[in-house]
Amino acid sequence: MSTRILIVDDHEVIRKGVRSVLLRARPEWEICGEASDGKQAIEAVERLKPDVVILDVTMPMMSGLQAAPQIAKLAKDCRILIFTMHESERIAKDVRAAGAHGYVQKSQAGRDLVVAIDALLAGNTFFGGKSGKKSPEGDIPPGVSFCWALCCNWMKPKLTSWWGGFRYRAA
């Protein structure tokens with residue numbers, strides 16, 4: 001039976017990018033649904049029974065940190081991964097308090113997203129860690145955000161290093 005994943009983010013381009021990264025890295029995983037706010041996420045968890053929920057923090061109607069405790073009570077076997085653009089020392093504390101099993105910063109998604117889901121599926125946690133493992137899509141250089149890489153269609157073209165900077169060229 002394949003791993004079922006629910007992607008929750010209020011930005012469609014992020015949901016599509018996450019879907020693309022996950023299915024390229026783990027084609028056996030199933031994206032069972034998508035939602036754009038915390039309330040929709042709770043309804044989708046009840047209906048779809050995912051193994052993992054990837055939950056954005058800042059969304060309209062209900063934030064990911066507000067939805068996480070309800071999802072944790074509703075689906076005890078579901079692993080909750082917060083997906084955030086926020087960088088602060090407090091985020092790990094807030095994620096734990098919400099009942100989530102970990103978080104990944106969007107700026108590190110190319111490196112950490114699949115690794116974090118693997119950790120959660122193995123019964124572990126993942127709190128914005130620096131795993132040192134390679135991204136399944138190749139390395140997105142430090143400082144290059146997932147969102148920027150996605151907008152530039154990073155996964156298909158080849159990136160070459162040039163004089164300490166980066167030059168983008170078609171594959």
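Reading guide: rules and limits
Residues numbered from 1 in each chain as written. Predicted model: local features only at pLDDT ≥ 70, side-chain atom pairs only at ≥ 80, totals over all residues. Heavy atoms only, no water. Helix = DSSP H or I, 4+ residues; strand = E, 2+ residues; numbered from the N terminus. Buried < 20%, exposed > 50% of the residue type's maximum accessible area, 1.4 Å probe, protein only. Contact = heavy atoms within 4.5 Å. Areas by Shrake-Rupley, 256 points an atom, 1.4 Å probe, with all protein chains shown as cover. Axes fitted to C-alpha atoms, helices over the stretch in contact; angles between N-to-C directions. Left-handed = near helix turned anticlockwise from the far one by under 90°. Nonpolar A, V, L, I, M, F, W, Y, C, P; charged D, E, K, R; others polar. Salt bridge = Lys/Arg side-chain N within 4 Å of Asp/Glu carboxyl O. Pairing = 2+ DSSP bridges.

### Re the overall build of the protein chain
Reasoning step 1: The number of helices and strands found in the protein chain is six helices and eight strands.
Reasoning step 2: Counting the 171 residues in the protein chain, one finds 47% classified as buried.
Reasoning step 3: For the protein chain, the share of sequence-separated contacts (at least 6 apart) that also reach a separation of at least 24 residues comes to 60%.
Reasoning step 4: Working note: accessible area of the protein chain is about 9100 Å², and carbon and sulfur atoms make up 52% of it.

### Considerations on the packing of helix H1 (residues 12–25) against helix H5 (residues 109–121)
Reasoning step 1: Two numbers describe how H1 lies on H5: the axes approach to 10 Å, and their chain directions differ by 65°. H5 is crossed by H1, and the crossing has right-handed handedness. Counted together, Val18, Val21, Leu22 and Ala25 of H1 and Leu113, Val114 and Ile117 of H5 form the full contact between these two elements.
Reasoning step 2: Classifying every residue of the contact of H1 with H5 gives seven nonpolar, no polar and no charged.

### A short note on the pattern of salt bridges
Reasoning step 1: Under the defined criterion, the tally for this structure stands at nine salt bridges.
Reasoning step 2: Among the ionic pairs, glutamate 30 bridges to arginine 4, the shortest N-O distance being 3.0 Å. On the criterion of sequence distance, the pair formed by glutamate 30 in strand S2 (residues 30–35) and arginine 4 in strand S1 (residues 4–8) is long-range, its members being 26 residues apart.
Reasoning step 3: Arginine 4 gets classed as buried once you look at its relative accessible area, which sits at 18%.

### Overview of the sheet that holds strand S4 (residues 79–84)
Reasoning step 1: Across the sheet, six strands lie side by side as S2-S1-S3-S4-S5-S6; this open sheet has parallel pairing. Sheet topology places S2 and strand S6 (126–127) at the edges, where each strand pairs with a single neighbour.
Reasoning step 2: Bridging between S1 and strand S3 (residues 52–56) involves four bridges; their strand directions are parallel. Considered in S3, the bridge of leucine 6 is made with valine 53.

### A look at unusual backbone geometry
Reasoning step 1: Of note in this structure, lysine 49 is not a glycine but carries a positive phi near 55°.
Reasoning step 2: Checked against the element boundaries, lysine 49 lands in the loop between helix H2 (38–48) and S3.
Reasoning step 3: One non-glycine residue, methionine 61, adopts positive backbone phi at about 70°.
Reasoning step 4: Within the secondary structure, methionine 61 is located in the loop between S3 and helix H3 (64–74).

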